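Commentary on secondary and tertiary structure
Spelled out, the chains give:
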Amino acid sequence: MSLHFEVVIACFLRDDMPDTVLNAVRWHLGLIADRPAGLDADEHMCPMLRPDPDSRLPGGDVASLRRQSRDRAAGNEFSWGLLSRNYWLDDEMGELAAILDLLAPHVEEPGYGGFFREEFDGKPTILTFRNGTCGAAG
């Protein structure tokens, strides 16, 4: 029997991140159809953050990437707000590292970046971004 996971990614990405990364994120979210040139097909086999209209998650899957106005006083006029909530099979969880590795160097602020949890588990594993990397704590 396969396990299922709720995977949530929530962070602000720097406005000046390279177009190659921005397009990779858009592809993973299902916002563009074709895999961007230069995105390794072995590491990024399919769009993992694209919402499934038949998701079993309460409220369904969510995928949003918006350029948002930010804290002008700190010099961060705009950022890319990323929110993704998806239902993943346990066999797909290895793909999460590739996505987090793609995002981590471009996250604007260190700290909370989302979570994942087994479908019936009440305690999530928290994702945190820091110094261009992502870590997990249960």
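Each chain has its residues counted from 1, running along the sequence as written. In keeping with the model being predicted, local features are shown solely for residues with a pLDDT of at least 70 and side-chain atom pairs are shown and tallied solely at 80 or more, while totals for entire chains, interfaces and linings include all residues. Side-chain figures throughout are based on the complete set of non-hydrogen atoms in the structure, without hydrogens or water.

Remarks on the packing of helix 1 (residues 19-29) against helix 2 (residues 94-103)
Simply put, an axis is a line fit to the C-alpha atoms, just over the touching stretch for a helix, and the angle between two N-to-C directions goes from 0 to 180 degrees. Helix and strand assignments come from DSSP, with helices taken as H or I runs of at least 4 residues and strands as E runs of at least 2, each series counted from the N terminus. Interhelical geometry of helix 1 versus helix 2 gives an angle of 145 degrees and a closest axis separation of 10 Å. Considering only the axes of helix 1 and helix 2, their crossing is left-handed. Side by side, helix 1 and helix 2 meet where Val21, Ala24, Val25 and His28 of the first sit next to Ile99, Leu102 and Leu103 of the second. Amino acids outside the nonpolar list (Ala, Val, Leu, Ile, Met, Phe, Trp, Tyr, Cys, Pro) and the charged list (Asp, Glu, Lys, Arg) are all regarded as polar, and Gly is one of them. Its residues assigned to classes, the contact of helix 1 with helix 2 shows six nonpolar, one polar and no charged. Here a crossing is called left-handed whenever its near helix is offset anticlockwise from the far helix by less than a right angle, and right-handed whenever the offset is clockwise. In this analysis, two residues are considered to be in contact whenever any of their non-hydrogen atoms come within 4.5 Å of each other.

With respect to the sheet that holds strand 5 (residues 125-130)
Between any two strands, at least two bridges found by DSSP are needed for them to pair. One open sheet holds the six strands; their spatial order is 2-3-1-4-5-6, and the pairing between them is antiparallel. The two strands at the open ends of the sheet, each matched to only one other strand, are strand 2 (62-69) and strand 6 (133-137). With strand direction ignored, the average angle separating the axes of adjacent strands in the sheet is 15 degrees. Relative to strand 4 (residues 111-118), strand 1 (residues 4-14) runs antiparallel, the two sharing five bridges. Bridge pairing links Phe5 to Glu118 in strand 4. Helix 1 rests against strand 2 and strand 3 (78-89) of the sheet, and its axis sits at about 145 degrees to strand 2.

Quick word on the layout of surface pockets
Put plainly, a pocket is an open set of points on a 1 Å grid over the protein atoms alone with protein on both sides within 12 Å along at least five of seven lines, a cavity is a set where a 1.4 Å probe fits but cannot get out, and a lining residue has an atom within 4 Å of a point. Grid points are joined across faces, edges and corners, and a volume is the space filled by probe spheres set on the points. In this structure, the largest pocket spans a volume of roughly 230 Å³. Taken together, 13 residues form the lining of the largest pocket, with Met48, Arg50, Asp52, Tyr87 and Glu92 sitting closest to its centre. Ranked by residues supplied to the lining of the largest pocket, first place goes to strand 3 with four residues. Its residues assigned to classes, the lining of the largest pocket shows six nonpolar, three polar and four charged.

Comments concerning the nonpolar core
Think of a nonpolar core as a cluster: buried Ala, Val, Leu, Ile, Met, Phe, Trp, Tyr and Cys residues, connected wherever their side-chain atoms sit within 4.5 Å. Type-normalised accessible area, obtained with a 1.4 Å probe on protein chains alone, sets the label of each residue: buried when under 20%, exposed when over 50%, and partly exposed for intermediate values. With 30 residues, the main nonpolar core has Ile9, Leu13, Val25, Leu82, Trp88 and Leu96 as its most contacted residues. At the level of secondary structure, the elements contributing two or more residues to this core comprise strand 1, helix 1, strand 3, helix 2 and strand 5. In this structure, Leu96 is in contact with Val7, Ile9, Trp88 and Phe116, ignoring residues within four places of it in sequence.

All quantities given are derived from atomic positions and should not be read as evidence of function.
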